[in-house]
Amino acid sequence: MKKLILSLKSGIFYTNVTVQLWDRQGQLLVKRESNLPENEALKELYDRWRSLYSSYYQDLGTPVRMEIDDNSVGVLRFSLVEFKQTCRELKQQLNRWLSEETFLYIEQQLRKYLDRSDEIQVIIESEDEQLRRFPWHLWQFFRDYQKAEIALSLPEYERVTPSEKAPTGEVKILGLLGNSKNIEGENLDIQTDKAIVEQLPGAKARFLVEPNREIVHAQLWEQTWDIFFFAGHSGGVPSDSSFSEERGKIYINQDDRNNSLTVSELENALRQATQKGLQLAIFNSCDSLGLAWDLAQLNIPQTIAMREAVPDEVAQAFLRYFLKAFASGKSCHLAVREARERLQGLEDKFPCASWLPVICQNPTADTLTWRALRGTKQQFTLWRGMKTVLLASLAVTGAIVGTRSLGWMQASELKAFDGLMRMRPQEESDERLLVITVGEPDIQYQDRMGMERTGSLSDLALEQLLEKLEPYQPSVIGVDIYHDFPYKPSLAAKLAKNKHFIAPCEIGQTVTTPLTVASPPGISPKQTGFTDFPRDPDDVMRRQLLLMTSSPSCNTSHSLSFRIALNYLAQKDIFPGDRTSEGYIKINNAVLKRFTSKAGGYHLPASEALGYQILINYRAAKFAQVSLRDILSDAVALQLPDLVKNRIILIGVAKNTQDSHLTPYSKGAWAEKIPGVFVHAHQISQILSAVEDGRPLLWWWSQGTEILWIWSWSIVAGAIAWLVRQPIYLGLAIASAIALLFGLCWLLLVQGTWIPFVPCFLTMLATSLVVFSCRIGLKS
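About the thresholds
- Residues numbered from 1 in each chain as written.
- Predicted model: local features only at pLDDT ≥ 70, side-chain atom pairs only at ≥ 80, totals over all residues.
- Heavy atoms only, no water.
- Salt bridge = Lys/Arg side-chain N within 4 Å of Asp/Glu carboxyl O.
- Helix = DSSP H or I, 4+ residues; strand = E, 2+ residues; numbered from the N terminus.
- Buried < 20%, exposed > 50% of the residue type's maximum accessible area, 1.4 Å probe, protein only.
- Pairing = 2+ DSSP bridges.
- Axes fitted to C-alpha atoms, helices over the stretch in contact; angles between N-to-C directions.
- Phe/Tyr/Trp six-rings, centres within 6.5 Å; stacked < 30°, edge-to-face > 60°.
- Lys NZ or Arg CZ within 6 Å of the ring centre and 35° of its normal.
- Core = buried A, V, L, I, M, F, W, Y, C linked by side-chain atoms within 4.5 Å.
- Contact = heavy atoms within 4.5 Å.
- Parallel < 35°, antiparallel > 145°, perpendicular 65-115°, else oblique.
- Left-handed = near helix turned anticlockwise from the far one by under 90°.
- Nonpolar A, V, L, I, M, F, W, Y, C, P; charged D, E, K, R; others polar.

(A) Inspection of the pattern of salt bridges at higher detail. Following the criterion strictly, the structure yields 37 salt bridges and no others. Between Arg271 and Glu267 there is a salt bridge, with the nearest N and O atoms lying 3.1 Å from each other. Within this pair, Arg271 and its partner Glu267 are both found in helix 8 (residues 267–276), separated by 4 residues, close to a single helical turn. Among the residues examined, Glu267 registers a relative accessible area of 29% and is labelled partly exposed. Here Arg432 and Asp693 are joined by a salt bridge, their closest N and O atoms 2.9 Å apart.

Structure representation (structure tokens):
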């Protein structure tokens, strides 16, 4: 809340004005000095208004909360027409005075720093009591700035820093219900005031009913209070009385000898109460401005008083309106303005009721809110909030983790994983691999050339292909086309001598692949690799088998991709080292973390994790490829040296309904299934890139770490839901937190670590909803 302080100092011919505007952080924005001409007409109008106001309530006979002296000097006979005319003239004269050229210029400068939506404390500082009493709320400024309210202050003050107190979640109110009878024996209805206070949410009130001075003193001294509240008779002290330095007194009981108190008689107790944290004094009684001035000398932060006599009905309505607005979240200043303006609805019976309430402010005090009173500053029952967030986060996290352990989130987690994979930045193609595809045009080419074949690749075509490739020294040649019958003798002899030729087989013997495909006869087990792929429930290829128990017909324990990668690395004198303490394969610095049935977002039966599996870190790029026909027909003869030298050559079918697979990229740039030979290419590439280039393989956290990660985001969402009050801002804050979570999950996946997103997302939504509901329930 911004503060606008107007310091007024009366002179003989003019009133000096110093204007200061402070921002919400307590920084001075602007300071200006000017002057206003003395305005005797304004003072006379105000004196006339006070006299007519007093006359009205004497004639009315309505119970008011002050002792009225029928012999008061200067009270005029009341005329409603004259009174209304005086009110209009007083308003006009005040705004005419504040529109003087010297002051108007400063006001225009101030408005450059103000917005119509700003909350503004406008504080009038002056030694001149008459200047302070002017009806400043009639200033045109307050019509333009609907969140501004006037407050009055003495020119001298100092900040009081109360001792630290533990938050209790309650506003402690000391209510003093004083003498309810006036001189004429009329009773005030102060029990209604008591009922209004008792109905406040989050308040703990203690009422002293017509106490003696000793009891009031003890309660102020010994206990800690946030608000001091008085209802009963009060009034100003005549200037010629023995209390010449006192401005007001309250009537606490009906004892003729000791029925009233002045502020000086409670000075020590009030100082002690202020030091302990007293923030607000409310005098819901007549002509209590004098009391407010006396309290201001004790540097009590804020006091609400009535400038004149106040009827019972008006006092009760103001208290009800103010406390409702204050407890609902409005600052003290805005709550007073709302309550004061609502009193206008009573002005048909009680003229100028909305003129009566006024704030006396210590300018060094902070903006006062109900929330601040319930705990320490800017803290709303911190322990209750922490407890609510903690319990809600534990309950929600437990439910989500339990649901996750049953496998009910696996599908959504794998889809989220695929989405994050597709969002990774593009990579360069792996120049170590060349894929030679055999498609329908290549099959037709073989048939036209009279090459007898049993499958898609004839022995003659393979023999001619090898003759064209070998002069350019390929590192490894792998074939992903089954050949479970003997090669023709000339080809078999060549293959037996080529230690860098790898042939396929299939172990099978699973529910999804019950049949086996044998290795080519005459080929050594060290030159064969199985092509079995582990399939996820949604048929997407995310895992790679490295090792598995062989079968009689497929007599190898290495997969085709792993065999090719090891053959390639062996030519560079790179071999697998000793396994890690966890039993993981390690080649150079690359550790191939073994897949488990509960890895990442997976929740599979243990049988699905048999063999040595790892996750596939697909390369976000396509591999170089050329067709069989182009090589055999010499269509790429000139490019062949660059395409082949020192590369891994993979040979496989281009399109095959039985050997085409979905990958995480199938919904991205590659909308169709990709042939198995390209899946092998990705598998080989990820191993070589990890060993030689340091490209990360995919890792995941332990289950315990994942649970802590999920719980931490649940706490974040719960804290946001507790601290952010407005639903629209709460939604934006939770959405921002989810965006941050998504960004972290993506960033870590780019670095090779798969962490949970979907469980965190669900816990954030659920926890924020639970905590928000609890907060609303506690508030009501």
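(B) Main features of the sheet that holds strand 18 (residues 528–530). Read from one edge to the other, the open sheet built from 6 strands follows the order 18-17-16-24-15-23, with strand pairing classed as parallel. Both outer strands of the open sheet, strand 18 and strand 23 (624–627), are each paired with one neighbouring strand and no more. Neighbour to neighbour, the strand axes of the sheet diverge by 25° on average, direction disregarded.

(C) View of the packing of aromatic side chains. Taken as a whole, this structure holds 27 aromatic pairs when the rule is applied. Among the aromatic side chains, those forming a connected cluster through ring pairs are Tyr46, Trp49, Tyr53, Phe83, Trp97, Phe134, Trp136 and Trp355. The ring centre of Trp225 lies 5.3 Å from the NZ or CZ of Lys172, which sits over that ring. In this structure, Arg320 is placed above the aromatic ring of Tyr321, and the distance from its NZ or CZ to the ring centre is 5.7 Å.

(D) View of the nonpolar core. Ranked by internal contacts, the top residues of the largest apolar core, which has 96 residues, are Val122, Phe141, Phe322 and Phe326. Examining the composition of this core, we find that 11 residues originate from one element, helix 10 (residues 312–327), more than from any other. Excluding residues that lie within four positions of it along the chain, Val122 makes contacts with Leu4, Leu6, Trp139, Phe141, Phe142, Ala148, Glu149, Ile150 and Ala151. In this structure, Leu414, Phe533, Ala565 and Ile614 belong to the second largest nonpolar core, which totals 78 residues.

(E) The arrangement of the packing of helix 22 (residues 703–723) against helix 23 (residues 727–750) in detail. Between helix 22 and helix 23, whose axes approach to 9 Å, the crossing angle comes to 160°. Overall, the two elements helix 22 and helix 23 adopt an arrangement that is roughly antiparallel. The element helix 22 and its partner helix 23 pack so that their crossing is right-handed. Residues Trp709, Trp713, Ala717, Ile720 and Ala721 of helix 22 pack against Leu730, Ala733, Ile734, Ala737, Leu740, Leu741 and Leu744 of helix 23. Its residues assigned to classes, the contact of helix 22 with helix 23 shows 12 nonpolar, no polar and no charged.

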